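Chains, contacts and geometry: an overview
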Amino acid sequence: MSKILQILEIGSPILRQNSATIANTTDPQLDALIVDLIATADAANGVGIAAPQVASSVRLFIVASRPSPRYPQAPTMEPTAMINPQIIDRSGDLVAGWEGCLSVPGTRGLVLRDRAIEVRYLTRHGELVQQELTDFIARIFQHELDHLDGILFPDRVSTPTDLITEAEYLKIAFD
Ligand code: ZN
């Protein structure tokens with residue numbers, strides 16, 4: 001059975017820590033955490049969630065893009081656990097996009113991210129995956145990877161005026 005976990009919010013020191021590399025990908029406790037993270041992201045209409053957001057300071061996140069009230073344009077994919085994720089190459093062409101975060105409720109920020117990235121991670125079955133991610137999925141990966149290094153999206157806006165409320169964001173997005 002999966003549990004819905006409590007999501008830490010900006011101000012919690014755990015969100016600012018460097019997370020630890022995961023040594024044992026076959027630990028049953030790790031698999032339980034993955035199941036709970038997927039359920040928690042789903043319940044909160046998140047397109048991704050990182051372990052530190054639920055107070056587990058380890059290098060693991062879920063990418064779970066699908067359309068939701070928070071991200072109506074998101075592509076659909078199977079929720080995927082990514083363990084010890086790394087970016088091994090970047091396209092270098094930066095694109096601006098509005099991001100939100102379950103740990104920064106009610107807020108959106110305009111953040112520059114690489115449009116395409118080459119990434120490497122371990123699956124929940126311990127398999128090493130290397131693949132190219134583009135556009136929205138690449139953005140989620142870069143956002144979630146930041147969580148593992150104690151970085152939140154408001155740190156990434158170019159200017160403070162690029163930080164706005166969710167209500168103001170909805171006016172921009174759907175006008
Ligand atoms: Zn986040």
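Anything mentioned here points back to the structure above.
It should be emphasised that the depicted structure is a prediction, and the values quoted were computed from it without experimental measurement.

The subject of this paragraph is the overall build of the protein. The helix and strand inventory of the protein stands at three helices and eight strands. Tracing the protein from N to C terminus, the helices and strands come up as α-β-β-β-β-β-β-β-α-β-α. In terms of overall dimensions, the protein is globule-like: its C-alpha atoms have a radius of gyration of 15 Å, near the 16 Å expected for 175 residues. A separation of at least 24 residues holds for 66% of the contacts in the protein among residues at least 6 apart in sequence. For the protein, the computed accessible surface area is about 8,600 Å², with 53% contributed by carbon and sulfur atoms. Each charge class in the protein can be summarised by its mean position, and for the 14 positive and 22 negative side chains these summaries are 2 Å apart.

This brings us to the pattern of salt bridges. Applying the stated criterion across every chain yields a total of 14 salt bridges. Between R59 and D149 there is a salt bridge, with its nearest N and O atoms 3.0 Å apart. Of the two residues, R59 is situated in the loop between β1 (48-50) and β2 (60-63) and D149 in the loop between α2 (135-148) and β8 (163-165); the sequence distance between them amounts to 90 residues. Three or more residues joined by partner-sharing salt bridges are found here, namely E99, R113, R139, D146 and R156.

This part takes up the nonpolar core. In this structure, F61, V63, M82, I117, V119, L133 and F141 are the most contacted members of the largest nonpolar core, which totals 17 residues. Mapped by element, the contributors of at least two residues to this core are β2, β6 (116-122) and α2. Sort the elements by how many residues they give to this core and α2 lands first, with six residues. The contact partners of I117, leaving out residues within four places of it in the chain, are I87, D89, R90, Q131, E132, L133, A138, F141 and Q142. Of all hydrophobic cores here, the second largest spans 16 residues; its members include L30, L37, A51 and I83.

With that settled, consider the coordination of the zinc ion. The protein atoms that coordinate the zinc ion are C101 (SG), H143 (NE2) and H147 (NE2), at distances of 2.0 to 2.3 Å. In primary sequence terms, the donor set of the zinc ion follows C-x41-H-x3-H. In this pair, C101 is assigned in the loop between β4 (94-99) and β5 (107-114) and H143 in helix α2, connecting sequence segments 42 residues apart. A single burial state applies to C101 and to H143, both of which are buried.

An order of β4-β5-β8 is seen for the three strands of this open sheet, with the pairing classed as antiparallel. Both outer strands of the open sheet, β4 and β8, are each paired with one neighbouring strand and no more. Taking each pair of neighbouring strands and ignoring which way they run, the sheet shows an average axis angle of 30 degrees. Relative to β5, α2 is tilted by about 105 degrees, and along the sheet it contacts β4 and β5. The sheet strands contacting helix α3 (residues 166-174) are β4, β5 and β8, and the helix crosses β8 at an angle near 95 degrees.

The rules we used
- Residues numbered from 1 in each chain as written.
- Predicted model: local features only at pLDDT ≥ 70, side-chain atom pairs only at ≥ 80, totals over all residues.
- Heavy atoms only, no water.
- Helix = DSSP H or I, 4+ residues; strand = E, 2+ residues; numbered from the N terminus.
- Rg over C-alpha atoms; globule rule 2.2 N^0.38 Å.
- Contact = heavy atoms within 4.5 Å.
- Areas by Shrake-Rupley, 256 points an atom, 1.4 Å probe, with all protein chains shown as cover.
- Lys, Arg positive; Asp, Glu negative; His and termini not counted.
- Charge placed at Lys NZ, Arg CZ, Asp CG, Glu CD.
- Salt bridge = Lys/Arg side-chain N within 4 Å of Asp/Glu carboxyl O.
- Core = buried A, V, L, I, M, F, W, Y, C linked by side-chain atoms within 4.5 Å.
- Buried < 20%, exposed > 50% of the residue type's maximum accessible area, 1.4 Å probe, protein only.
- Donors = N, O, S within 2.8 Å, 3.2 Å for Na, K, Ca; no water.
- Pairing = 2+ DSSP bridges.
- Axes fitted to C-alpha atoms, helices over the stretch in contact; angles between N-to-C directions.

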